[in-house]
Amino acid sequence: MLTELQFNQYLDRHELSHEAREYLTTTRNQQASRMVGVHATTNISSWIYSEKMGRTISTESRTAERAFVVTKEYDKSVFEIWDQPEQVPIQKRNKKGVSGTKWYTPDFLLQTCSGPIAVEVKDSNSIAKLLKSSPNYWTEGTDGKVTYIPAKKYFESIGLKFEVWISSREIRYQVFNMEMALRARNYQKVDLPKEKLDAAFEESFFWSLHDLKNRLGVGEYTGIIQAIDSGDLFFDWNSSLFSAPKGCFVVRQENLLRHIDEFLGPKIYEDGFLSPISISELPSSTYAQEALSRLEKIKNDEKGRSVRRWKSLMKKGTAEGLSAFQSLIPKWFVSGNRKRKINTVVDTFLINYLLGNHAESQGLSQYRSYIQYRVDAQKAHPVYPPVAKTTFNRRLKAIPPELIARKRGGKRSGNAAAAPSDSLERQLKAEIAWQRAAIDHYIADIYLVFFDSGGVPHAMRPWVTAMVDLATGCVLAFSISFLSPSKKSCAKVMRDCVRRHGLLPKEIIVDRGSEFKSVYFSALLAHSKIELILRPTAYPKYGGEVEGLFGEFKKQWLTQRPGNLADYKEARSVDGKLAPKKHAVLTAFDFFRELEAFISWRDSNPRGVEAEAPRVRLATHMREYPFVAITQVFDNEYVLATAVDSKKYKIDPQRGLHIGGMWYWSPEIKSFGAMRAAVEVRTDPENPHVVFALIDNNWCPCYSSRINRYSALDAISQKVEGLIAVEAFSERQKVKQEADEEAVRIIRQLSEESKSSSTSHVIEFESYDEIESQDEMSVFESLKSADIRPLEAESWEVKHVW
């Protein structure tokens, strides 16, 4: 990013107009003009940390905007990248042809070595539609460049260049490799042994990354990728992947790349190799049998009109370069009367009914819907009969299922019924461990005991938050909570990942829950330079990796534990005395240990088609691609960064801060003297015996009196104590309230028993009337002069014991 001095020199060097200078300055000094992803449907929004800018850059989709940011982040001729710059007025015509002013926001503003550029980013499919639907605004030149005329006119009027950047599926390999190269560029420099490198390329003009690493005797690919990034080595950015080192070949001279294939065996499949083939070129079995039958009849010199027609087809096909077999393939697929046979009135009513009454009637079966249609159709068009059930079903199947599902079950149901996107149009998935991880929550189907009152367990269902590596399927971290998903859940799982590995994933993808969209979570990821990715809202097809973990834990583990709800129907049908909650025997300590054991077992088993277990792949990738993960030390700074922002609390000069039933003290509180000042406090999401108070511009840790004992506990016990002391606090208060109510009942019962008995259950005493100045004497002084007469008690039996 340019400094202020460099920026002013940049403006002078390119001799920009006053309007252009003002637009660039305003964009640099303000936040993004709008929030991306607010109206996202199927696209994935993300916030990328840019080393070039020293800040995060928002992208509205993964296939277009994010690909653009990655390529420009890698491009050394680009100095600055500004997302969602200021809106500008452009001239467009409405449907009536009247020209008016519309506000337009370009996607990015670049400061490049050749000058500033405003950029609109689109994918190739969107451009094709726009060129067809809006030819007055979107045009394509002879050089293949697309222009958005209204925006171009405005920016040219103030002296700025405007471009349309088009993303296509052909660049997805390049974008993936650039991301890897950027991570290696920001990693510590690894020098390759020059003598061994020279000797290797004397032996062969090309090497695979895998073989070159072994030949050089290095244990990782960092140095090789850095050499490619610096231009010392070359490889094909558009067809090879750094994540597939055995198929990624490098050379020392770029012009030698095209000769590598001459020394390699043919592949089973290459990108773009397959495409749809007409049945006339490659027939089905039925069509092929008919073509062979026709050839046989011609070979046997059979006579007839059909044979003469087939010979004519063979002659015509030969002229077009077809074989005799291809020429005689029947054209049955183009036969048939394609004209509509149903009356227009009947057809229109049927379509309206399917998109109306049928689509909006939840739970209505197809048969019952057809019966309703017949009744309505006989009333709507009595002259024409309703269509048959076969036609009704065929027309219903022709309607996209997501339209019916959306009307019946809302957005989430419609997205679940929608067809998947084209695999070839998607960006590449995570290929290397720590490249991308997903976080999600799950309320476990089991009850855990948080308090035992002597034979009567008090239980709650825990929430499990897990972080799963998307490349290997390995579980990186997890946390358990008694509270609903919140910022604390996010902080705990992030801490667990850092404590276990000392690393964090480069990207984290989450749903659009409030805890993930919070400023706290965004700031926490930005602190560690992690890219935040938001999945589309109400789209159940996303997040399968973490959901799969929870499903396996439920089916393969919880079903064998007491107090579980894994079989929901069985749990609902049992008698109240046998309910899972009444048989909960697992404590939070047990659950921590068992979940840890399950994850260890799961990550050691085969998954998918991989030849290595998830934990083995994770270790291999960490060794060979150490630059992908983000190094994070679990120190004081990170503890404070993951502490959850709370509110202001008043300080008691004598006792400190009173939060959640506990008192916290720090020597720094003495600086307030007798003042009952209010200070901002951040609470620790795991340790119940420490909070952080902002005192004299420093975050000072304040401890409870039990902090020394807490420090001596083992790791799991510390986590459990945080659950019980903080997250089960409200439930424990309810138990205490019930206990207090029971105490009142016991006292009243004892009083009633004493009234019904002839003998009192109390000790009586009489005071002397002669005692003067009774008001000045304490109760204990008056008891000294009292006549105390103990009474015999017949029975002190207590039926209700707490």
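Residues numbered from 1 in each chain as written. Predicted model: local features only at pLDDT ≥ 70, side-chain atom pairs only at ≥ 80, totals over all residues. Heavy atoms only, no water.

Enquirer: I'd love a proper account of the nonpolar core, names of residues and values included.
Expert: Taken as a class, soluble globular proteins show a tendency for nonpolar side chains to be buried jointly. Within the largest apolar cluster, 61 residues are counted, with the highest numbers of intra-cluster contacts made by Leu 212, Trp 434, Met 467 and Met 494. Looking at which element gives the most residues to this core, the answer is helix 17 (residues 487-501), with 6 residues. The contact partners of Leu 212, leaving out residues within four places of it in the chain, are Leu 197, Ala 200, Phe 201, Trp 207, Ile 224, Leu 233 and Val 250. With 47 residues, the next largest nonpolar core counts Leu 11, Leu 16, Phe 68 and Phe 108 among its residues. (Core = buried A, V, L, I, M, F, W, Y, C linked by side-chain atoms within 4.5 Å. Buried < 20%, exposed > 50% of the residue type's maximum accessible area, 1.4 Å probe, protein only. Helix = DSSP H or I, 4+ residues; strand = E, 2+ residues; numbered from the N terminus. Contact = heavy atoms within 4.5 Å.)

Enquirer: How would you sum up the sheet that holds strand 19 (residues 507-510)? Please name residues and give values.
Expert: Taken in spatial order, the 7 strands of this open sheet run 2-1-20-19-13-16-17, and their pairing is mixed. The sheet is open, and its two borders are formed by strand 2 (55-59) and strand 17 (475-481), each paired with just one other strand. Neighbour-to-neighbour, the strand axes of the sheet open up by a mean angle of 20°, direction not taken into account. In the sheet, strand 13 (residues 437-443) pairs with strand 19 via 2 bridges, with the strands oriented parallel. When the sheet's bridge partners are listed, Ala 437 is paired in strand 19 with Ile 508. Along the sheet, helix 17 makes contact with strand 13, strand 16 (463-469), strand 17 and strand 19, crossing strand 17 at roughly 140°. Contacts from helix 18 (residues 519-527) reach strand 1 (45-50), strand 2, strand 19 and strand 20 (531-534), with the element oriented near 140° to strand 20. (Pairing = 2+ DSSP bridges. Axes fitted to C-alpha atoms, helices over the stretch in contact; angles between N-to-C directions.)

Enquirer: Describe helix 2 (residues 18-29), naming the residues involved and giving the relevant values.
Expert: End to end, helix 2 covers 16 Å across 12 residues, agreeing with the expected 16 Å (1.5 Å per residue, within 8%). Elements that come into contact with the buried residues of helix 2 comprise helix 1 (4-13), strand 3 (78-83), strand 4 (88-93), strand 6 (108-112), strand 7 (115-123) and helix 5 (149-157). (Expected span 1.5 Å × (residues − 1).)

Enquirer: Lay out the environment of Ser 489 with the relevant residues and their values.
Expert: Mapped onto the fold, Ser 489 is located in helix 17. If we skip the residues at most four places from it in the chain, Ser 489 touches His 441, Thr 465, Ser 479, Ser 481 and Ser 484.

Enquirer: I'd love a proper account of the packing of aromatic side chains, names of residues and values included.
Expert: The tally for this structure, following the rule as stated, stands at 33 aromatic pairs. These aromatic residues form a ring-pair network of at least three members: Tyr 23, Tyr 104, Trp 138, Tyr 148, Tyr 154, Phe 155 and Phe 162. The aromatic ring of Phe 634 is capped on one face by Arg 499, whose charged end is 5.2 Å from the ring centroid. Over the ring of Trp 699 we find Arg 682, and its NZ or CZ is 5.8 Å from the ring centre. (Phe/Tyr/Trp six-rings, centres within 6.5 Å; stacked < 30°, edge-to-face > 60°. Lys NZ or Arg CZ within 6 Å of the ring centre and 35° of its normal.)

Enquirer: Got a sec to walk through the pattern of salt bridges? Specific residues and values, please.
Expert: Between side chains of opposite charge, pairing is possible as soon as their charged atoms come close. Under the definition given, this model contains 36 salt bridges. A salt bridge links Asp 229 to Arg 185; its shortest N-O distance comes to 2.9 Å. Of this pair, Asp 229 sits in helix 9 (residues 222-230) while Arg 185 sits in helix 6 (residues 172-185), placing them 44 residues apart in sequence. A relative accessible area of 28% means that Arg 185 is categorised as partly exposed. Asp 198 is the salt-bridge partner of Arg 252, the closest N and O atoms lying 2.7 Å from each other. One end of the pair, Arg 252, is in the loop between strand 12 (249-251) and helix 10 (285-299); the other, Asp 198, is in helix 7 (residues 194-203), and 54 residues separate them in sequence. Residue Asp 198 is classed as partly exposed on the basis of its relative accessible area, which comes to 25%. Look at the salt bridges and you will find they share partners, linking Arg 62, Arg 66, Glu 179, Arg 436, Glu 507 and Glu 531 into a network. (Salt bridge = Lys/Arg side-chain N within 4 Å of Asp/Glu carboxyl O.)

Enquirer: Outline the confidence of the model for the chain, listing residues and values.
Expert: Detail in the predicted coordinates should be disregarded across regions flagged by low pLDDT. This prediction gives the chain a mean pLDDT of 84; 89% of its residues lie at or above 70. Looking over the chain, one finds the lowest element-wise mean pLDDT in strand 28 (residues 764-766), namely 46, and the highest in strand 18 (residues 503-504), namely 96. A low-confidence stretch, residues 568-572 stays under pLDDT 50, and its non-local contacts, those more than four residues away or across chains, total 2 contacts. Here residues 761-774 is modelled with pLDDT under 50, and outside its nearest four sequence neighbours on either side it reaches 21 contacts, counting other chains as well. (pLDDT = per-residue confidence, 0-100.)

Enquirer: Describe the packing of helix 17 against helix 18, and please don't skip the residues or the numbers.
Expert: As a packed pair, helix 17 and helix 18 sit with axes 10 Å apart at the nearest point and diverge in direction by 20°. Here helix 17 is positioned roughly parallel relative to helix 18, judged by the angle of their axes. Every pair of crossing elements has a handedness; the one defined by helix 17 and helix 18 is right-handed. Facing Lys 487, Cys 490, Ala 491 and Met 494 of helix 17, the residues of helix 18 in contact are Tyr 520, Phe 521, Leu 524 and Leu 525. Each residue belonging to the contact of helix 17 with helix 18 can be placed in one class, and the counts come to 7 nonpolar, no polar and 1 charged. (Parallel < 35°, antiparallel > 145°, perpendicular 65-115°, else oblique. Left-handed = near helix turned anticlockwise from the far one by under 90°. Nonpolar A, V, L, I, M, F, W, Y, C, P; charged D, E, K, R; others polar.)

Enquirer: An account of a negative patch on the surface is needed here, citing residue identities and associated values.
Expert: A surface patch of like charges, here negative, comprises Asp 236, Asp 261, Glu 262 and Glu 270. Overall, the relative accessible area of 46% leaves Glu 270 in the partly exposed class. (Patch = residues over 30% accessible without salt bridge, like charges linked within 9 Å, V, L, I, M, F, W, Y side chains within 5 Å. Areas by Shrake-Rupley, 256 points an atom, 1.4 Å probe, with all protein chains shown as cover. Lys, Arg positive; Asp, Glu negative; His and termini not counted. Charge placed at Lys NZ, Arg CZ, Asp CG, Glu CD.)

Enquirer: Please provide a residue-by-residue account of the environment of Ala 244, values included.
Expert: Along the chain, Ala 244 turns up in the loop between helix 9 and strand 12. By relative accessible area, Ala 244 is classed as partly exposed at 37%. Distance in space between the C-alpha atoms of Ala 244 and Ile 432 is 9.5 Å, their sequence separation being 188 residues.

Enquirer: Provide a residue-level description of the side chain of Asp 603, including the pertinent values.
Expert: Mapped onto the elements, Asp 603 comes out in the loop between helix 21 (588-602) and helix 22 (614-624). A distance of 3.2 Å separates a polar atom in the side chain of Asp 603 from the backbone nitrogen of Val 475. The contacts of Asp 603, once residues within four sequence positions are left out, are Gly 473, Cys 474, Val 475, Ala 613, Pro 614 and Arg 615. (Polar contact = N/O pair within 3.5 Å; in protein donor to acceptor, adjacent residues only side chain to side chain.)

Enquirer: So what about helix 9? Which residues, and what values?
Expert: The buried fraction of helix 9 amounts to 8 of the 9 residues, a majority that puts the element mostly inside the structure. Within the span of helix 9, buried status applies to Thr 222, Gly 223, Ile 224, Ile 225, Gln 226, Ala 227, Ile 228 and Asp 229. Along its buried surface, helix 9 packs onto helix 3 (65-74), helix 6, helix 8 (209-216), strand 12 and helix 22. At the C-terminal side of helix 9, Gly 231 shows a positive phi close to 90°.

Enquirer: Which residues make up the side chain of Arg 66, and what values do they have?
Expert: Structurally, Arg 66 is set in helix 3. The buried category is assigned to Arg 66, whose relative accessible area is 2%. In this structure the side chain of Arg 66 is engaged in a polar contact, spanning 2.6 Å, whose partner is the side chain of Glu 179. Side chain to side chain, Arg 66 and Glu 507 meet in a polar contact 2.7 Å long. Setting aside chain neighbours within four positions, we find Arg 66 in contact with Ser 46, Ile 48, Thr 59, Ser 61, Glu 179, Glu 507 and Glu 531.

Enquirer: Give me the lowdown on the packing of helix 14 (residues 366-380) against helix 15 (residues 389-398), citing residues and values where you can.
Expert: The description of two helices packed together rests on the angle between their axes and the distance between the axes. Closest axis-to-axis distance for the helix 14/helix 15 pair is 11 Å, and the angle between their directions is 115°. Of the possible angle classes, the one that applies to helix 14 and helix 15 is roughly perpendicular. Seen from above, helix 14 lies across helix 15 with right-handed handedness. For the pair formed by helix 14 and helix 15, the contact residues are Gln 366, Tyr 367, Ser 369, Tyr 370 and Tyr 373 on the first element and Lys 389, Phe 392, Asn 393 and Leu 396 on the second. Counted by class, the contact of helix 14 with helix 15 contains 5 nonpolar, 3 polar and 1 charged residues.

Enquirer: Tell me about unusual backbone geometry, and name the residues and values.
Expert: In the Ramachandran plot, Glu 15 falls in the positive-phi region, its phi being about 50° despite a non-glycine side chain. Relative to the helices and strands, Glu 15 is located in the loop between helix 1 and helix 2. By relative accessible area, Glu 15 is classed as exposed at 70%. One non-glycine residue, Asp 696, adopts positive backbone phi at about 55°. Mapped onto the fold, Asp 696 is located in the loop between strand 26 (690-695) and strand 27 (698-703). Classification of Asp 696 as exposed rests on a relative accessible area of 58%.

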